[in-house]
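Examination of the molecular architecture
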Amino acid sequence: MKTFLNISLAGLLLLVFCLKAEAQKQDLKAAEQSFAGKEYYKAGTLYKKAYDKASKKDKPYILFKIAECYRSINDIRNAEVYYAKAIKAGYPEPLAVLYLADMQKMQEKYADALANYQKYQNLIPSDPRGENGIKSCQLALDWKQNPTRHKVENLAQINTKDWDYSPSFADKKYKTLIFSSTRSGVTGGLQDEGPGQLFADLFTTQVDNKGKWSTPVPLPEPVNTEYNEATNVIGKKSNVMYFTRCEVKKNIDVKCQLYISVRKGMGWSDPQKIVFCVDSFNFGHPALSADESVLIFASDMPGGQGGLDLWFCSFNKQTKTWSNPQNLGPQINTQGDEEFPYLHDDGTLYFSSNGHLGMGGLDIFKAQRTGQAAWSEPANMRYPINSAGDDFGIIFEGSREKGFLTSNRAGGKGGDDIYSFNLPPVFITISGVVLDQDSKKPIKDAHVTLAGSDGSNYTISTDSTGHYKYETLNGERCVNSGYKYIVAASGMHLSFLGNPKSQVVTTGITESTDFKLDFELKKITEGELPMPLVLYNTGEWNLDHASNPKDSLEYLYSVLIENPNITIELGSHTDFRNGTQYNDTLSLKRAKSCVDYLVSKGIAADRIVPKGYGERKPLVLDHDLVLPSGKTVTKGTVLTEAFIMQFKKNKADFECLNQKNRRTVFKVLSKNYAPKQGETAPGQAPEIKLD
């Protein structure tokens, strides 16, 4: 009896085991069928059911497939959890490590992602995805720390907890949006077993003058159906719409196709499939050029680089037909996915990719068109346009650096959300006051000139308070970032030389900035002007002294241009060494070198009275002078021969003082100069006179 009972118990256990194995087999088979049919949401539930009955040997595989289902429906957090579980359970395929790193990167877990990308690179060194993942994490960290100036905000007024994505403008004033959504109220109200969302419809909304968006409503039939309609673009005339439709049929792999519909009154015509679309491949995400002659779209048809590629067709206006699709080539397309294109009014192509180096999932890139089918190297638009999540579906308000994009980044309202973006202008102003140097009173109608390294040149006048401000001139921006500006003040007064604030460099300025530059000007009087001396080497008269005397002459030139009614005297001097006759001749040559320079620049010869003083007028110091030895010669000292000879034993001091006497100086003789009638040329250089 005992033996019989033992045999019966063993048989019962075997029966239970067989039944359990058969149930697990059936659940796993059903899950595999749903996964193959791209019913990822449904497949995930079936895999979990199969896992509960699975053997230890099958569990790692099932955990991996559950992770794949979550990845396919963009549930990044759960995908990470199950990839990690699969690896821990012993799933052998290195792809689990790569996908785990991808999921971590898409949640800004860059340190963890880096470690797993490095692990994958060690496992499969021939696969560039490991190295690219490492680089992308490093770039993402840098871009987060050094963001662009773009401002990105969630368009909470129209977003829901469901998927809201891929907006397009439906009118010329950019007041109406058409976008894709899986929210309640879609036609049919059925669930797509792929992502586990309702089938998407195209919705429309308008913004009023106060910035408030209306409640989105779905486009009427026949555009929307019980299946997926999404990613649309409308031509500039607002009467033709291209969009993607993805039908679903039981046990049939139906591909997404491009459709066209024409506006009819307040509605749209029955959509027609575009002729170049074939049922065996996916076509979607249309983008249209400003003149509606080029259509760019995403497709997985053969002849591409891998995954979804971007293709383009040209429209023949005579035959009213589209050309055969052409691939945009390896400069744009990669082994990953390139999708959601947008053609800017200036011809720039924007698109999203997970094949180029990016911050997380899909990143937005831009490329300039360089030929019929040639494009520049795509540039990542960086943070905050891009994020660790999927970023796609960007559009612009005409030529302005503002518009909308789609993202499932952290902090959103639902899955995919629509975000607004703009690039705030950098307002750079240069302002200040112009004062009389002696009285410190404001100077009215002083000329303040702004000369930019970009070739711009503007002049404005101070107001009654002596104030000036460069911001706009006749509606045109005067101050732009990225340039160097020289600011000078002149007019009825002369600029004070050596002002350290006369240069403004705006390179690298990323925030609105107001530069303050105040000037003190010296009144023009009949006497020597306070400006740098033109110095000379011993016994020489050419203008190549180390102090670069041409700077002084350039300044004098600008003074003569700014003040066309003054005449000046050019007085040249020597030190006391050598004889009187030698020094007289030398001073004449020095005066001539300065006169020749100014006349060659176009200054009328009769505005210059040159004089040669030889050694007769030693310099009177207008400031304290510190000698090379450290000794100080006080202001007001006359540098006579007798005074300088006291320093003969110190060669450096002796030479310094003599050099001060070797000079050419300027002074104003009159302020009522008028050019001779009919004179258009500078004339002959004036006669050099010895005083």
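In short, a report on the structure. (Residues numbered from 1 in each chain as written. Predicted model: local features only at pLDDT ≥ 70, side-chain atom pairs only at ≥ 80, totals over all residues. Heavy atoms only, no water.)

1. Side note on the overall build of the protein
Formally: Under the DSSP-based scheme used, a helix requires at least four consecutive residues in state H or I and a strand at least two consecutive residues in state E, with every element numbered from the N terminus. Buried residues are those whose accessible area, probed at 1.4 Å on protein chains only, stays under 20% of the maximum for their type, while exposed residues exceed 50% and partly exposed ones sit between those limits. We call two residues contacting when some pair of their heavy atoms lies within 4.5 Å. Here the open area of atoms and residues is found with the Shrake-Rupley method and a 1.4 Å probe, where only the protein chains shown may cover a residue.
A tally of regular secondary structure across the protein gives eleven helices and 42 strands. Going through the 691 residues of the protein one by one, you find that 47% of them count as buried. A separation of at least 24 residues holds for 56% of the contacts in the protein among residues at least 6 apart in sequence. In the structure as shown, the protein presents an accessible area of about 34,300 Å², 52% of it carried by carbon and sulfur atoms.

2. Considering the sheet that holds strand β7 (residues 217-218)
This is how the line gets drawn: We call two strands paired when DSSP finds no fewer than two bridges between them.
Taken in spatial order, the four strands line up as β2-β3-β6-β7 in an open sheet, and their pairing is antiparallel. Each edge of the open sheet carries a strand with a single partner, namely β2 (164-169) and β7. The pairing of β2 with strand β3 (residues 176-181) spans four bridges and is antiparallel. Note that in β3 the partner of Ser 168 across the bridge is Ile 178.

3. What to know about the environment of Pro 564
Examined against the element boundaries, Pro 564 turns out to sit in the loop between α8 (550-562) and β37 (567-573). Judged by its relative accessible area of 44%, Pro 564 falls in the partly exposed class. In this structure, the C-alpha to C-alpha distance between Pro 564 and Asn 672, residues 108 residues apart in sequence, is 9.0 Å.

4. Focus on the sheet that holds strand β1 (residues 151-154)
To keep it simple, the criterion reads: As a rule, the C-alpha atoms of each element are fitted with a line to give its axis, helices using only the stretch in contact, and angles between N-to-C directions run from 0 to 180 degrees.
An order of β1-β24-β23-β22 is seen for the four strands of this open sheet, with the pairing classed as antiparallel. Each edge of the open sheet carries a strand with a single partner, namely β1 and β22 (391-396). Pairs of neighbouring strands in the sheet enclose a mean axial angle of 25 degrees, with direction left out of account. When strand β23 (residues 402-407) meets strand β24 (residues 417-422), the two strands line up antiparallel, connected through six bridges. Opposite Leu 405, over in β24, you have Tyr 419 as the bridge partner.

5. Details of the pattern of salt bridges
Definition in use: We define a salt bridge as a contact between a side-chain nitrogen of Lys or Arg and a carboxyl oxygen of Asp or Glu at a distance within 4 Å.
Applying the stated criterion across every chain, the model contains 22 salt bridges. One salt bridge connects Arg 409 with Asp 391, and the closest N-O pair in it is separated by 2.9 Å. Remark: Asp 391 occurs in strand β22 and Arg 409 occurs in the loop between β23 and β24; sequence separation between them is 18 residues. Residues Arg 409 and Asp 391 agree in their burial class; the two are buried. Here Glu 520 makes a salt bridge to Lys 440, at a shortest N to O gap of 3.0 Å. In this pair, Glu 520 is assigned in strand β35 (residues 519-523) and Lys 440 in the loop between β25 (428-436) and β26 (447-452), connecting sequence segments 80 residues apart. For Glu 520, a relative accessible area of 30% puts it in the partly exposed group.

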